[in-house]
Amino acid sequence: MADNLFKLKIISPERTFYEGEVTMFECRTTEGEIGILKNHIPLTAVLAPGVARIMEPDKENAKAALISGFIEILQDEVTVLAEIAEWPDEIDVKRAEEAKIRAQRRLQEKATGTNLARATLALQRSIARIEAAKK
Amino acid sequence: MASMRDIKRRKVSIQSTQQITKAMKLVSTVKLQRAKQRAERSQTYFLSMYQTVVNILKRSGYMEHPYMKPNVSGKKAVIVITSNRGLAGGYNSNIVKLITQQEWKKEEVIIYAIGKKGRDALRRKGYEVIADESEMINEPLYSDAMELSDRLLQDFSDGKIGEIYLAYTHFRNTVSHIPTMLKLLPVDMEEAAEKSEIDSEVEDKTLMNYEPEEVEALNMIIPKYVTSIIYGALVEAVASENGARMQAMDSATSNAEEMIGSLELQYNRARQGHITQELTEIIGGAEALSN
């Protein structure tokens, strides 16, 4: 059982968000959802707003919202540099819901150019937060 | 010799100044502790960020990328991080000096000011200050740094500015703070390669994959890199500011102590002189009467 563990570090600018030995780590990158087990090939990927799942042995899976940043996978160590990382109990669900509605409204108004990109990002962010906060 | 009353008044005034400097020293000591912890906590992030970016750059070689080469515009943008309040010794003037000493023409430089002291000093010297984010320094947030770097990168890709520099005070330890000028963009390939040679030899052997492609990944990572450097500089600058203020107030307090001591001596001398004079007058008067 202990053979399939690898080191995971999630670092945000304000703190070391998570550090420990895990069996599996799931997160969302710009190319899609990925799950990482031990002995993954070396990979650097850019994160997209989404829910990350941390699976530790003999423990319930932990969820967290990772908003942006990137992930670096080396042989036996995974480092996530997250610009924004939040545990479910730190998320203000009401605010996220409001942000979601605001973003949707802006998208319906057919925003263009950078505004469109910004609204899409805001929508993704708020959905990631809401998803992470769900039990 | 000054009169006793004058000396006393002076002494009282210095004593109350000393009380203020002492209180300021205590306050900045506490603030320094907090800022220091904060700087240390965020350090791991920047080190890994720097490492990753350098590794990517090294592996991808000298590629053609808009962030890697100077822009057509000859303007230099300088982010200047100083404090909003004075009484911090040479903290602010050192940063200003750092900029004026560069061999740059004033017309070429655009200042993005963070901190009122630096903003005012540079404006007086005739530099063009186009942004003022002085509120940021009170409580540096990562989102502030993000906004600023977005704006800078936008100006950079619009061709308004050709190079981006960052002037801040590096916090080495509690007593040593070094004014530093950093070049943010275009990324200096040679410098990066030089620095990375020492510490990344081991990682060289692993073949890294990128998702998305390297160039695209770089597009997304460089803004994060710039943001993280700006944030790191902000956090360090706050620590340096409080360190500098603590030192300045410490020496002010001990100077006041010295002055009070010498005034005390003067006062006692004046008092003694006064008594001696009175005695001679009485004796002189008595002698004049008895004759």
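This paragraph deals with the interface of chain B and chain A. Listed per partner, the contact involves 22 residues of chain B and 23 residues of chain A. The set of elements that each furnish at least two residues to the side of chain B that touches chain A consists of α1 (4–60), β6 (209–211) and α6 (214–290) of chain B. Counting residues per element, the side of chain B that touches chain A draws most heavily on α1 of chain B, which supplies eight residues. Of the residues contributing to the side of chain B that touches chain A, the split by class is 12 nonpolar, seven polar and three charged. Both strand β5 (residues 43–47) of chain A and β6 of chain B contribute to a ladder of three bridges, which runs parallel. Bridge pairing links L43 of chain A to N209 of chain B in β6 of chain B.

What follows is about the packing of helix α2 (residues 91–101) of chain B against helix α3 (residues 116–124) of chain B. All names here are of chain B. Two elements in contact, α2 and α3, have axes separated by 9 Å at closest approach and are oriented at 45°. Classed by the angle they form, the pair α2 and α3 counts as oblique. α2 and α3 meet at a crossing whose hand is right-handed. For the pair α2 and α3, contact is made by N92, I95, V96 and I99 and by K117, G118, A121 and L122, respectively. Broken down by class, the residue content of the contact of α2 with α3 amounts to five nonpolar, two polar and one charged.

So, about the confidence of the model for chain B. Confidence in the prediction for chain B averages 83 pLDDT; 88% of positions are at 70 or higher. Across chain B, the element-wise mean pLDDT spans from 54 in helix α5 (residues 189–199) of chain B up to 90 in α6 of chain B.

As a further point, take the packing of helix α4 (residues 142–157) of chain B against α6 of chain B. Residue and element names in this part refer to chain B. With their axes 8 Å apart at the nearest point, α4 and α6 run at an angle of 130° to one another. When the interaxial angle is binned, α4 and α6 end up oblique. Crossing hand, α4 versus α6: right-handed. When α4 is examined against α6, the residues Y142, A145, M146, L148, S149 and L153 are found in contact with a partner set consisting of P223, V226, T227, I230, Y231 and L234. Residues belonging to the contact of α4 with α6 are distributed by class as follows: 10 nonpolar, two polar and no charged.

Before going further, it helps to examine α2 of chain B. Residue pairs three or four apart in sequence face the same way in an α-helix, which turns once every 3.6 residues. All names here are of chain B. For α2, the complete set of buried residues consists of Y91, N92, I95, V96 and I99. With its buried residues spanning 135° around the axis, α2 presents them on a single face. Close packing links the buried residues of α2 with β1 (76–81), α3, β4 (163–173), β5 (176–185) and α6.

Before going further, it helps to spend a moment on the sheet that holds β5 of chain B. Residues and elements named next belong to chain B. An order of β3-β2-β1-β4-β5 is seen for the five strands of this open sheet, with the pairing classed as mixed. At either margin of the open sheet sits one strand with a lone partner, and together these are β3 (128–132) and β5. Recorded for the sheet is a direction-independent mean angle of 25° between the axes of neighbouring strands.

So, on to the domain arrangement of chain A. All names here are of chain A. The domain boundaries assigned to chain A delineate domain 1 (2–88) and domain 2 (92–133). Opposite the nine residues of domain 1 that make contact, domain 2 presents seven residues. Listing elements by their share of the side of domain 1 that touches domain 2, those giving two or more residues are β6 (50–55) and β7 (62–74). The element that contributes the greatest number of residues to the side of domain 1 that touches domain 2 is β7, accounting for four residues. Class assignment of the residues belonging to the side of domain 1 that touches domain 2 gives a composition of seven nonpolar, one polar and one charged.

This paragraph deals with the environment of K7 of chain A. Residues and elements named next belong to chain A. Of note, K7 is situated in strand β1 (residues 6–12). Taking the number of C-beta atoms within 10 Å as the measure of exposure, K7 has 14 and is therefore partly exposed. A sequence separation of 90 residues divides K7 from E97, and the C-alpha atoms of the two residues are 34 Å apart. Ignoring any residue separated from it by four or fewer positions in sequence, one finds K7 in contact with E21, D76, E77 and V78.

Cut-offs used in this document
Residues numbered from 1 in each chain as written. Chains lettered and ligands numbered in written order. Predicted model: local features only at pLDDT ≥ 70, side-chain atom pairs only at ≥ 80, totals over all residues. Contact = placed C-beta atoms within 7 Å. Helix = DSSP H or I, 4+ residues; strand = E, 2+ residues; numbered from the N terminus. Nonpolar A, V, L, I, M, F, W, Y, C, P; charged D, E, K, R; others polar. Pairing = 2+ DSSP bridges. Axes fitted to C-alpha atoms, helices over the stretch in contact; angles between N-to-C directions. Parallel < 35°, antiparallel > 145°, perpendicular 65-115°, else oblique. Left-handed = near helix turned anticlockwise from the far one by under 90°. pLDDT = per-residue confidence, 0-100. Buried ≥ 20, exposed ≤ 12 C-beta atoms within 10 Å, placed from the backbone. Arc of directions from axis to C-beta. Domains from an automatic or database assignment.

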